[in-house]
Amino acid sequence: MAERTGPVQAQHRAGEAAVQTAYAAFIRHTQLCPPCRETGADCEAAANLRQAWRDARAAVAA
């Protein structure tokens, strides 16, 4: 596989950064949110953050 360079590499890095940012926001929320920690189930905000993370991963994979 050819190495990505130039604009393609920049786009790939931006996508990966978006995935990492979304994942970090989800994890940070679930660590700090009492209902998420106590029940082990996602509250509405956590569900939205998880979906944003999934969307970011899907965008990178596409």
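Owing to the predicted nature of the structure, the values given are computational and were not obtained by experimental measurement.

Focus on the packing of aromatic side chains
- Applying the stated criterion across every chain, the model contains 2 aromatic pairs.
- Taken together, a centroid distance of 4.8 Å and an interplanar angle of 50° make the contact between tyrosine 23 and tryptophan 53 tilted. Of this pair, tyrosine 23 sits in helix α1 (residues 6-32) while tryptophan 53 sits in helix α3 (residues 44-61), and the two are 30 residues apart along the sequence.
- Residue class for tryptophan 53 comes out buried when judged on its relative accessible area of 17%.

Focus: α1
- For α1, built from 27 residues, the straight-helix expectation of 39 Å at 1.5 Å per residue is met to within 8% by its first-to-last C-alpha distance of 39 Å.
- Regarding α1, the residues found buried are Gln9, Gly15, Val19, Ala22, Phe26 and Thr30.
- Residues of α1 that are buried sit in contact with α2 (34-39) and α3.

Quick notes on the rules
Residues numbered from 1 in each chain as written. Predicted model: local features only at pLDDT ≥ 70, side-chain atom pairs only at ≥ 80, totals over all residues. Heavy atoms only, no water. Phe/Tyr/Trp six-rings, centres within 6.5 Å; stacked < 30°, edge-to-face > 60°. Helix = DSSP H or I, 4+ residues; strand = E, 2+ residues; numbered from the N terminus. Buried < 20%, exposed > 50% of the residue type's maximum accessible area, 1.4 Å probe, protein only. Expected span 1.5 Å × (residues − 1). Contact = heavy atoms within 4.5 Å.

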